Amino acid sequence: MNIWDPKRIRAEFPIFQHHPDLIYLDNAATTQKPRSVLDAERDFYERNYANVHRGIYPLAARATQLYEASRQKVAEFINAPKIEDIVFTRGSTEGINLIAQSFLGPTLQAGDDILVSGLEHHSNLLPWQAICQSRGAHLHIIPFFEDGTLDLQYLDKNLGSKTKLLALSHISNSLGTVNPVAEILTMAKAKGVPVVLDAAQSIATHSIDVQAWDLDFLVFSAHKMYGPSGIGVLYGKSEHLKKMPPYQLGGEMIRDVTYEKSLYAAPPKRFEAGTPNAAGAIGLAAAIDFLQKLDRKAIFEQQKILLNYATQALMDIPGLEIYGQAPEKSGIISFALEGIHPHDSATLLGEKEICIRAGQHCTQPVMDFYDIPGTLRVSFAMYNHEAEIDELIQGIAFAKQKLGAI
Ligand code: PMP
């Protein structure tokens, strides 16, 4: 498939056949689904569906085999050393909560430090904040500069023997900053600090090798990489996972149960209580196949072309301010129009089938930093093209006129 031909790419996504004029620029929230992902889920339900890891009849064995083959595919996708290092979750949020409760929970004490980047989505802030508060530990927020880049000097100074964890995103969902992960990991590793990388915004455009980066934990969500909603991945180093207690208790995560006491299964089963989202896992595997047929570097380069084109065009609009101008950015632009609430312009754009996000993007402290109620955010995916940006610019001019801010 030719990545540079948006028409051909769009043809893979049925939503654009149902809505030919749709201009979907909210890809940081979630991406649309290619036919192959939809077909994989449907095929599983139509031909191979049974509960996994339970029945011994052939249909159940096939369902289990497909679910575990998806786990294998994920392991290869991020170069995990072992298939057992891959835990299926509901998404990035659940993965982070699991780490907070099962990795930090048993050991975090009063006086310990946790470091979190100031750019984080609430999902990668609240679980750390809550556990620090409950234990009397200190949550240190790595500040960022006006352009949306992190203060690495602060990070270096504050990584110490009391630091029990560093959590950060690869790419900021509200500003688009691509954090210098390799450099940050070198700093953390030099002090022996475990790192959680939130790849929710990067997994669709960056190939991540958990061994090359020596990551302790990695989380991502399938729905932001053209896969289904309700399924995500937690990778954990096996030396960590095997020491961690379960996060939830229930069916299929056990080794032995009596009324008095229970022994739990080894990872990853220990962390997958209850009936898992097997169709989601199979859809995720199809999304991986879809991405691997393309070249993620080329997808990212194309998004950078769109980023530059849109940034230039937006900057020419009087009264428009862009928030976050880091030298390394992904295809995400946050901006505001002077004198217009973001919701009002997004509503008018929506009437023209131009879908962009308005609000705080689950990063309220980032909005507070700029002293604004929120922004408008456009975010690109592989099916976007320059003509859509031209329509966005015209739509913004229309909104400004309609809302009386010419
Ligand atoms: N982290 C980042 C950087 C995100 O962009 C998001 C989703 N917007 C999340 C975490 C949470 O992902 P999910 O809602 O799929 O759990």
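Calculation criteria
- Residues numbered from 1 in each chain as written.
- Predicted model: local features only at pLDDT ≥ 70, side-chain atom pairs only at ≥ 80, totals over all residues.
- Heavy atoms only, no water.
- Pairing = 2+ DSSP bridges.
- Helix = DSSP H or I, 4+ residues; strand = E, 2+ residues; numbered from the N terminus.
- Axes fitted to C-alpha atoms, helices over the stretch in contact; angles between N-to-C directions.
- Patch = residues over 30% accessible without salt bridge, like charges linked within 9 Å, V, L, I, M, F, W, Y side chains within 5 Å.
- Areas by Shrake-Rupley, 256 points an atom, 1.4 Å probe, with all protein chains shown as cover.
- Salt bridge = Lys/Arg side-chain N within 4 Å of Asp/Glu carboxyl O.
- Buried < 20%, exposed > 50% of the residue type's maximum accessible area, 1.4 Å probe, protein only.
- Domains from an automatic or database assignment.
- Contact = heavy atoms within 4.5 Å.
- Buried area = accessible area lost by both parts, 1.4 Å probe.
- Polar contact = N/O pair within 3.5 Å; in protein donor to acceptor, adjacent residues only side chain to side chain.
- Near = heavy atom within 4 Å.
- Nonpolar A, V, L, I, M, F, W, Y, C, P; charged D, E, K, R; others polar.

### Regarding the sheet that holds strand β5 (residues 163-169)
In step 1: The seven strands are arranged β2-β8-β7-β6-β5-β3-β4 in an open sheet whose pairing can be described as mixed. Strand pairing shows two members of the sheet lacking a second neighbour, β2 (86-89) and β4 (138-142), which therefore form its edges. Sheet twist, expressed as the average angle between the axes of neighbouring strands with direction ignored, equals 15°.
In step 2: Across five bridges, the pairing between strand β7 (residues 217-221) and strand β8 (residues 232-236) is antiparallel.

### As for a nonpolar patch on the surface
In step 1: A cluster of nonpolar residues, L249, I254, V257 and Y264, forms a patch on the protein surface that exposes about 360 Å² of accessible area.
In step 2: Tracing the backbone through its elements, the reader meets L249 in the loop between α9 (238-241) and β9 (254-257).
In step 3: Overall, the relative accessible area of 61% leaves L249 in the exposed class.

### Some words on the pattern of salt bridges
In step 1: Evaluated as defined, the whole model comprises 13 salt bridges.
In step 2: For E388, the salt bridge is made with R10, and the minimal N-O distance between the two is 3.0 Å. A residue pair is termed long-range when its members are at least 10 positions apart, and E388 in helix α14 (residues 386-402) and R10 in helix α1 (residues 6-11) qualify at 378 residues. For the pair formed by E388 and R10, the shared burial category is buried.
In step 3: Between E252 and K269 there is a salt bridge; the shortest N-O distance is 3.5 Å. Placement of the pair is E252 in the loop between α9 and β9 and K269 in the loop between β10 (262-264) and α10 (278-293), with a sequence separation of 17 residues.
In step 4: We classify E252 as partly exposed; its relative accessible area is 25%.
In step 5: Each of K189, D214, D216 and K237 takes part in one network of salt bridges that share partners.

### A look at the domain arrangement of the chain
In step 1: When the domains of the chain are assigned, the result is domain 1 (6-27 + 295-402) and domain 2 (48-292).
In step 2: One C-alpha centre belongs to domain 1, the other to domain 2; they are set 29 Å apart.
In step 3: The interface is formed by 31 residues belonging to domain 1 together with 30 residues belonging to domain 2.
In step 4: Taken together, the two surfaces of domain 1 and domain 2 that pack against each other cover about 2500 Å², and 61% of this comes from carbon and sulfur.
In step 5: If you sort the residues of domain 1 by the area they bury against domain 2, R296, I332 and C362 come out on top, with a joint share of 26%.
In step 6: Where domain 1 packs against domain 2, one counts zero salt bridges.
In step 7: Run the count over domain 1 and domain 2 and you get 15 residue pairs in polar contact (both at pLDDT 80 or more).
In step 8: Taken together, the elements giving at least two residues each to the side of domain 1 that touches domain 2 come down to α11 (296-315), β12 (332-337) and α13 (364-370).

### Structural notes on the sheet that holds strand β11 (residues 320-323)
In step 1: Pairing is antiparallel in the open sheet, where four strands are placed in the order β11-β12-β15-β14. Strands at the two margins of the open sheet, each flanked by one partner only, are β11 and β14 (357-359). Strand after strand, the sheet turns through a mean of 30° between neighbouring axes, direction not considered.
In step 2: In the sheet, β12 pairs with strand β15 (residues 375-379) via four bridges, with the strands oriented antiparallel. The residue of β15 that forms the bridge with S334 is R377.
In step 3: Contacts between helix α12 (residues 342-351) and the sheet are confined to β12, β14 and β15, with β14 contributing the most and set at about 160° to the helix.

### Some points on the site of the ligand
In step 1: Lining the immediate environment of the ligand, one finds G91, S92, T93, H121, S123, N173, D198, A200, Q201, S221, H223 and K224.
In step 2: Here H121 contributes a side-chain N or O atom positioned 3.2 Å from a nitrogen atom of the ligand.
In step 3: Within the contact set of the ligand, a nitrogen atom lies 2.6 Å away from a side-chain nitrogen or oxygen of K224.
In step 4: Compared with its free state, where it exposes 390 Å², the ligand has 85% of that area covered by protein.
In step 5: The class makeup of the residues in the shell around the ligand is one nonpolar, nine polar and two charged.

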